[in-house]
Amino acid sequence: VADVAHHPALAHQFDSLGQQTEAATLGMWVFLVTEVLFFGGLFLTYAVYRSFYPAAFSAASHELDILLGGINTAVLITSSLTMALAVHAAQLGQRRLLMIFLVVTMVLGTVFLGIKAVEYYHKFAEHHVPGATFQFEREHQRHAQIFFSLYFIMTGLHAIHMIIGIAVLLVMWIWAWRGRITSDYAGPIEISGLYWHFVDIVWIFLFPLLYLIGRHA
Amino acid sequence: VSAHVVPTRVYYAIFGILMICTALTVGIAFIDLGPFNVVAALTIAVFKATLVVLFFMHVKYSSKLTKFVVASCLFFLACLFGLTFTDYLSRGWYASPRGTTMAGTQVTVGPAAPARPAAEAKPEGAAEGAAAH
């Protein structure tokens, strides 16, 4: 293939930028499949223990703050919208708009982490962190620890993903600022968006499974 | 040149549906539906995740190969959950005629505490399992 107007961002092994973006998208999805199974193992553990100790899980779930969890869900869904709008701006080559949406997305991600930190603080103050100082109503003392262990591992792993996501978006913001992202080369923003939306999806499942068990009881 | 450009009104519409679904899942959690509370919560979550995957993540507009990889994810998850639960849910169903505990053993999780609360001493189905051998 003759190098007709060779784009600076086009790697030599690809015929076109379209093919390059397609390959990158596919590669990102393969990674996300492994991520789904990574979190899947934890969701499976949750499912097994919840089926063993439904009453303890229900009682422990009541200790989580449904208002803060709900606000965080809304914050994260809004950040997914602004991320999608950032990708849209990148595809149309709207550099300023892209930079604004990336900043809004990062700010919303940080708000999420801040609210999460407040929730974690409450759990430490109430002795609901598994370990020697764990305190819970005696009937569920042992099995509530399993719930809170899963709560901290799952939301903690999710929070780590959020931090990585914000770091990735920061790099994307610098690339956009330097003019590296164009309508021809919006692939990096699209790939980062896939990761961000994936982290949102994990929370879409975590919220009802951790916060909303047995609320009617 | 690059991927399909989705009109922004699609994004705003999906965002609206996701927010309504979030309110819905919180509301339903406060209504007693018995075992269907979990079913309702998971159905809404799967619906929300599907919208995010199809529209925010552009899978609706992606190549067949990408769609195939995304679908393979569901297959692997089904293997993970299916194979694990065929074990956990079937424990204690069968006791050997010769009285061995090799099969049909009810496995309790964690060290046995001397004074365990009666309400949650054993997983569901443990009573039948114990009676069988």
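So, a few notes on the structure that sits alongside this text. What you are looking at is a predicted structure, and each value in this text was computed from that prediction instead of being measured.

**A closer look at the overall build of chain B**
Okay, step 1: What chain B contains, in helices and strands, is four helices and zero strands.
Okay, step 2: Helices (α) and strands (β) of chain B occur, in sequence order from the N terminus, as α-α-α-α.
Okay, step 3: When burial is assessed residue by residue, chain B has 32% of its 133 residues classed as buried.
Okay, step 4: With the model as given, the accessible surface of chain B reaches about 8100 Å², and the carbon-plus-sulfur share is 72%.

**Side note on the interface of chain B and chain A**
It is common to give the size of an interface as the accessible area lost on bringing the parts into contact.
Okay, step 1: Counting residues at the interface gives 57 residues for chain B, matched by 56 residues for chain A.
Okay, step 2: Carbon and sulfur atoms make up 76% of the surface buried where chain B meets chain A, a total of about 5000 Å² over both sides.
Okay, step 3: Inspection of the chain B/chain A interface yields two residue pairs in polar contact (both at pLDDT 80 or more).
Okay, step 4: Ranked by residues supplied to the side of chain B that touches chain A, first place goes to helix H3 (residues 64-88) of chain B with 13 residues.
Okay, step 5: A per-class count over the side of chain B that touches chain A returns 41 nonpolar, 11 polar and five charged.

**Some remarks on the nonpolar core**
Okay, step 1: By size, the foremost hydrophobic cluster in this structure holds 96 residues, and its most contacted members are Trp29, Leu98, Phe147, Tyr151 and Ile189 of chain A together with Met57 of chain B.
Okay, step 2: Broken down by element, this core gets its largest block of residues, 16 residues, from helix H6 (residues 187-211) of chain A.

**Quick word on a nonpolar patch on the surface**
Okay, step 1: Taken together, the side chains of Ile31, Leu33, Phe36 and Val39 of chain B present a nonpolar region at the surface, about 370 Å² in accessible area.
Okay, step 2: Among the secondary structure elements, Val39 of chain B is positioned in helix H2 (residues 36-56).

**Digging into unusual backbone geometry**
Okay, step 1: One non-glycine residue, His127 of chain A, adopts positive backbone phi at about 60°.
Okay, step 2: Along the polypeptide, His127 of chain A turns up in the loop between helix H4 (95-125) and helix H5 (141-177).
Okay, step 3: In the Ramachandran plot, His58 of chain B falls in the positive-phi region, its phi being about 65° despite a non-glycine side chain.
Okay, step 4: Inspection of the secondary structure assignment puts His58 of chain B in the loop between H2 and H3.
Okay, step 5: With a relative accessible area of 10%, His58 of chain B lands in the buried category.

**With respect to helix H2 (residues 54-61) of chain A**
Residue and element names in this part refer to chain A.
Okay, step 1: Most of H2 is tucked away, with six of its eight residues classed as buried.
Okay, step 2: The set of residues buried in H2 consists of Ala56, Phe57, Ser58, Ala59, Ala60 and Ser61.
Okay, step 3: As for H2, its buried residues are in contact with helix H1 (17-52), H5 and H6.

**Quick notes on the pattern of salt bridges**
Okay, step 1: Applying the stated rule across the entire model yields three salt bridges over all chains.
Okay, step 2: A salt bridge links Arg91 of chain B to Asp87 of chain B; its shortest N-O distance comes to 2.7 Å.

**Considering the environment of Tyr11 of chain B**
Okay, step 1: With respect to the helices and strands, Tyr11 of chain B occurs in helix H1 (residues 8-29).
Okay, step 2: With relative accessibility at 0%, the residue Tyr11 of chain B sits in the buried group.
Okay, step 3: Between the C-alpha atoms of Tyr11 of chain B and Val52 of chain B, which are 41 residues apart in sequence, the distance is 9.6 Å.
Okay, step 4: Once you skip the residues sitting within four places of it in the chain, Tyr11 of chain B turns out to touch Leu81, Ala84, Leu85 and His88 of chain A together with Val6, Phe55, Phe56 and His58 of chain B.

**Description of the packing of aromatic side chains**
Okay, step 1: Considering all chains together, one arrives at 25 aromatic pairs over all chains under this definition.
Okay, step 2: On the numbers, 5.1 Å between centres and 75° between planes, the contact of Tyr151 of chain A with Phe152 of chain A is edge-to-face.
Okay, step 3: Classification of Tyr151 of chain A as buried rests on a relative accessible area of 0%.
Okay, step 4: When the ring centre of Trp175 of chain A is taken as origin, the NZ or CZ atom of Arg180 of chain A, which lies over that ring, is 3.8 Å away.
Okay, step 5: Between Arg91 of chain B and the ring centre of Tyr88 of chain B, over which it is positioned, the NZ or CZ distance is 4.5 Å.

**Section: the state of the cysteines**
Residue and element names in this part refer to chain B.
Okay, step 1: Applying the stated criterion across every chain, the model contains zero disulfides over all chains.
Okay, step 2: Free cysteine Cys73: the closest other cysteine sulfur is in Cys79, separated by 11 Å.
Okay, step 3: A relative accessible area of 8% places Cys73 in the buried class.

**Some thoughts on the environment of Ala23 of chain A**
Residues and elements named next belong to chain A.
Okay, step 1: With respect to the element layout, Ala23 can be found in helix H1.
Okay, step 2: Judged by relative accessible area, Ala23 falls into the partly exposed class, the value being 31%.
Okay, step 3: When the C-alpha positions of Ala23 and Phe52 are compared, they lie 44 Å apart, and in sequence the two are 29 residues distant.

**A word on the environment of Ile115 of chain A**
All names here are of chain A.
Okay, step 1: Relative to the elements of secondary structure, Ile115 occurs in helix H4.
Okay, step 2: Classification of Ile115 as buried rests on a relative accessible area of 15%.
Okay, step 3: Residues within four places of Ile115 in sequence aside, it is in contact with Leu68, Ile71 and Asn72.

**Details of the side chain of Thr25 of chain B**
Okay, step 1: Tracing the sequence through the fold places Thr25 of chain B in helix H1.
Okay, step 2: Judged by relative accessible area, which is 6%, Thr25 of chain B ranks as buried.
Okay, step 3: Each residue touching Thr25 of chain B, except ones within four places of it in the same chain, is listed here: Phe207, Pro208 and Leu212 of chain A together with Ala41 and Ile44 of chain B.

Each value, and the rule that gives it
- Residues numbered from 1 in each chain as written.
- Chains lettered and ligands numbered in written order.
- Predicted model: local features only at pLDDT ≥ 70, side-chain atom pairs only at ≥ 80, totals over all residues.
- Heavy atoms only, no water.
- Helix = DSSP H or I, 4+ residues; strand = E, 2+ residues; numbered from the N terminus.
- Buried < 20%, exposed > 50% of the residue type's maximum accessible area, 1.4 Å probe, protein only.
- Areas by Shrake-Rupley, 256 points an atom, 1.4 Å probe, with all protein chains shown as cover.
- Contact = heavy atoms within 4.5 Å.
- Buried area = accessible area lost by both parts, 1.4 Å probe.
- Polar contact = N/O pair within 3.5 Å; in protein donor to acceptor, adjacent residues only side chain to side chain.
- Nonpolar A, V, L, I, M, F, W, Y, C, P; charged D, E, K, R; others polar.
- Core = buried A, V, L, I, M, F, W, Y, C linked by side-chain atoms within 4.5 Å.
- Patch = residues over 30% accessible without salt bridge, like charges linked within 9 Å, V, L, I, M, F, W, Y side chains within 5 Å.
- Salt bridge = Lys/Arg side-chain N within 4 Å of Asp/Glu carboxyl O.
- Phe/Tyr/Trp six-rings, centres within 6.5 Å; stacked < 30°, edge-to-face > 60°.
- Lys NZ or Arg CZ within 6 Å of the ring centre and 35° of its normal.
- Disulfide = S-S within 2.5 Å.

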